[in-house]
Amino acid sequence: MENNRPRVAIQGIRASFHEEAAFRYFGTDIQTVECNSFKQTFEALKNKQADYLVMAIENNIAGSILPNYSLLRSYNFPIVGEVYLPIQLHFLTLPGVKFEDLRYVISHPIALRQCIDFIDEYPHIKVVESNDTAACAKRVRDEQLTDTAAIANALAANLYELEIKERRIESNKKNFTRFLIFTTHENAKKVTANKASLCFQVSNEVGALAKVLNILAEQEINMSKIQSMPVLGKRNEYNFYLDIEWKNTDQYDKAIRQILNYTHNFNILGEYERYIDEVIY
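Calculation criteria
Residues numbered from 1 in each chain as written. Predicted model: local features only at pLDDT ≥ 70, side-chain atom pairs only at ≥ 80, totals over all residues. Heavy atoms only, no water. Helix = DSSP H or I, 4+ residues; strand = E, 2+ residues; numbered from the N terminus. Contact = heavy atoms within 4.5 Å. Buried < 20%, exposed > 50% of the residue type's maximum accessible area, 1.4 Å probe, protein only. Arc of directions from axis to C-beta. Polar contact = N/O pair within 3.5 Å; in protein donor to acceptor, adjacent residues only side chain to side chain. Salt bridge = Lys/Arg side-chain N within 4 Å of Asp/Glu carboxyl O. Pairing = 2+ DSSP bridges. Axes fitted to C-alpha atoms, helices over the stretch in contact; angles between N-to-C directions. Patch = residues over 30% accessible without salt bridge, like charges linked within 9 Å, V, L, I, M, F, W, Y side chains within 5 Å. Areas by Shrake-Rupley, 256 points an atom, 1.4 Å probe, with all protein chains shown as cover. Lys, Arg positive; Asp, Glu negative; His and termini not counted. Charge placed at Lys NZ, Arg CZ, Asp CG, Glu CD.

Draft legend 1. Quick look at the side chain of Asn 239. Relative to the helices and strands, Asn 239 resides in strand S14 (residues 238–245). Setting aside chain neighbours within four positions, we find Asn 239 in contact with Arg 73, Cys 199, Phe 200, Gln 201, Gln 227, Ser 228, Met 229 and Val 231.

Written out as structure tokens, the structure reads:
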């Protein structure tokens, strides 16, 4: 880590929601490593071009980002933290541009869908999908597009010197994304964990998964998420991804020992501190 500033790989460019999540977790004194895809972020970590990576894993409206579960399993870097980020979307233009001059609005398809009620109020503005919210804001600035608005966050507005024409235009104000923080095994520090992400398979028979869930209940372990994904190339076989939380470490250790008797290909993807933010909105 150069000058103690962590190098953090993100999908997208500066001022994207991934960088905003990185700022929320690490603070702003970081070196952002821009990557074109989620796979590239893992490659950056693997090739020592980054010390950490930040990856979105689920959104409370759009649901789980399923391809990212495959990535975290195949690269097998430890999860060392998580962060929840409110997704606040703004309508951005070059300074001084008037609404009646606008002909296009550009953003990521999911961001556009989340703002459809606002967009419908302006039928003369054509919707154009693009690959990244921050990149759209940058394009408006770089190309000096006086007929185009971008939908992005406040970070992008500040960085690319755009005017926030309308704030909080997302239809659902209770919109947030969960991001996972990864690092290399040698960088991972021992922490007082109260949350873990697990992955395992169970036999294809009646009650196999129920045995695991009953163990968690008996040891007073809270299961905050469960996700299944088919095992590639194998019929009727699934990987189960569980997020669990506990108050008593001894009960967690006991639960893990018991679960091992009823699972195969068991893997602890990470043990970390549960993210708590008393003011999300």
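Draft legend 2. Representation of helix H6 (residues 133–142) in the model. All of the buried residues along H6 are Thr 133, Ala 134, Cys 136, Ala 137 and Val 140. Along the long axis of H6, the arc covered by the buried residues comes to 160 degrees, so they all point the same way. One side-chain oxygen at the N-terminal end of H6 lies 3.2 Å from the backbone nitrogen of Ala 134; it belongs to Asp 132. Gln 144 lies just past H6 and shows a positive phi near 50 degrees.

Draft legend 3. The arrangement of the pattern of salt bridges in detail. Within this structure, the stated rule accounts for 16 salt bridges. Two residues, Arg 5 and Asp 29, come together in a salt bridge whose shortest N-O distance is 3.1 Å. Of this pair, Arg 5 sits in the segment before strand S1 (7–11) while Asp 29 sits in the loop between helix H1 (17–26) and strand S2 (31–35), placing them 24 residues apart in sequence. The exposure class assigned to Arg 5 is partly exposed, which follows from its relative accessible area of 31%. For Arg 178, the salt bridge goes to Asp 243, with nearest N and O atoms at 2.7 Å. With a gap of 65 residues between them, Arg 178 in strand S11 (residues 176–183) and Asp 243 in strand S14 connect regions that are remote in the sequence. Assigned by exposure class, Arg 178 and Asp 243 land together as buried. Connected through shared salt-bridge partners, Glu 58, Glu 82, Arg 178, Lys 195, Lys 225, Asp 243, Glu 245 and Arg 274 make up one network.

Draft legend 4. Structural view of the environment of Glu 43. Along the chain, the position of Glu 43 falls in helix H2 (residues 38–46). Along the primary structure Glu 43 and Ala 9 are separated by 34 residues, whereas in three dimensions their C-alpha atoms are 9.5 Å apart. Excluding residues that lie within four positions of it along the chain, Glu 43 makes contacts with Gln 49 and Tyr 75.

Draft legend 5. Seen up close, the side chain of Lys 225. With respect to the secondary-structure elements, Lys 225 resides in strand S13 (residues 222–230). The class of Lys 225 is buried, set by a relative accessible area of 14%. Within the structure, Lys 225 has its side chain in polar contact with the side chain of Ser 64 (distance 2.7 Å). Among residues more than four places away in sequence, those in contact with Lys 225 are Glu 58, Ser 64, Tyr 69, Arg 178, Tyr 241, Leu 242 and Asp 243.

Draft legend 6. Highlighting H1. Those residues of H1 lying buried are Phe 17, His 18, Glu 19, Ala 21, Ala 22 and Phe 23. Just downstream of H1 lies Gly 27, where phi reads positive at about 90 degrees.

Draft legend 7. View of the sheet that holds S14. One open sheet holds the four strands; their spatial order is S13-S14-S12-S15, and the pairing between them is antiparallel. The sheet is open, and its two edges are formed by S13 and strand S15 (264–272), each paired on a single side. Averaged over neighbouring strand pairs, the angle between their axes works out to 15 degrees when direction is ignored. Two elements, strand S12 (residues 195–201) and S15, share six bridges in a ladder whose sense is antiparallel.

Draft legend 8. Inspection of a negative patch on the surface at higher detail. A contiguous patch of negative charge, built from Asp 117, Asp 120, Glu 121 and Glu 166, is present on the exposed surface. Its place among the elements puts Asp 117 in helix H5 (residues 116–119).

Draft legend 9. Broad picture of the pairing of strand S5 (residues 79–86). S5 sits mainly inside the fold: eight of its eight residues count as buried. As paired strands, S5 and S11 are joined by seven bridges and run antiparallel to one another. Counterpart to Pro 86 in the pairing with S11 is Phe 176.

Draft legend 10. Region of interest: the sheet that holds strand S9 (residues 148–152). An order of S8-S7-S9-S6-S10 is seen for the five strands of this open sheet, with the pairing classed as mixed. The sheet is open, and its two borders are formed by strand S8 (126–129) and strand S10 (163–166), each paired with just one other strand. In this sheet, neighbouring strand axes are inclined to one another by 35 degrees on average, regardless of whether the strands run parallel or antiparallel. As judged from the four bridges shared by strand S7 (residues 104–107) and S8, these two strands associate in the parallel manner. Paired with Ser 107 across the two strands is Glu 129, which belongs to S8. Strands in contact with H6 are strand S6 (90–93), S7 and S9; relative to S9, the strand with the most contacts, it is inclined by about 150 degrees.

Everything listed here is a matter of coordinates, which is why it stays silent on function.
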